[in-house]
Amino acid sequence: MGALIVNAVNTRNYPVVMGVVLVSTVIIVTATTLSDLVNAFLDPRTREKL
């Protein structure tokens, strides 16, 4: 994915750059949400705050 974005930036292929950024953002947001949910499920102190 790194080589793809570097090549896309060098060739000014903006749709590919936007697609890679979008996919990366979705992966990061999903991973963060899942980790927060797992943390809330496993840690009773966090569960009390909800």
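Conventions we followed
Residues numbered from 1 in each chain as written. Predicted model: local features only at pLDDT ≥ 70, side-chain atom pairs only at ≥ 80, totals over all residues. Heavy atoms only, no water. Salt bridge = Lys/Arg side-chain N within 4 Å of Asp/Glu carboxyl O. Buried < 20%, exposed > 50% of the residue type's maximum accessible area, 1.4 Å probe, protein only. Helix = DSSP H or I, 4+ residues; strand = E, 2+ residues; numbered from the N terminus.

Draft legend 1. Examining the pattern of salt bridges more closely. The tally for this structure, following the rule as stated, stands at 1 salt bridge. Its salt-bridge partner being D43, residue R45 comes within 3.3 Å of it at the nearest N-O pair. For R45, a relative accessible area of 62% gives the class exposed.

Draft legend 2. Region of interest: unusual backbone geometry. Even without glycine at this site, R12 takes up a positive phi of about 55°. You can see R12 is positioned in the loop between α1 (2-10) and α2 (14-42).

Nothing here speaks to function; it is geometry throughout.
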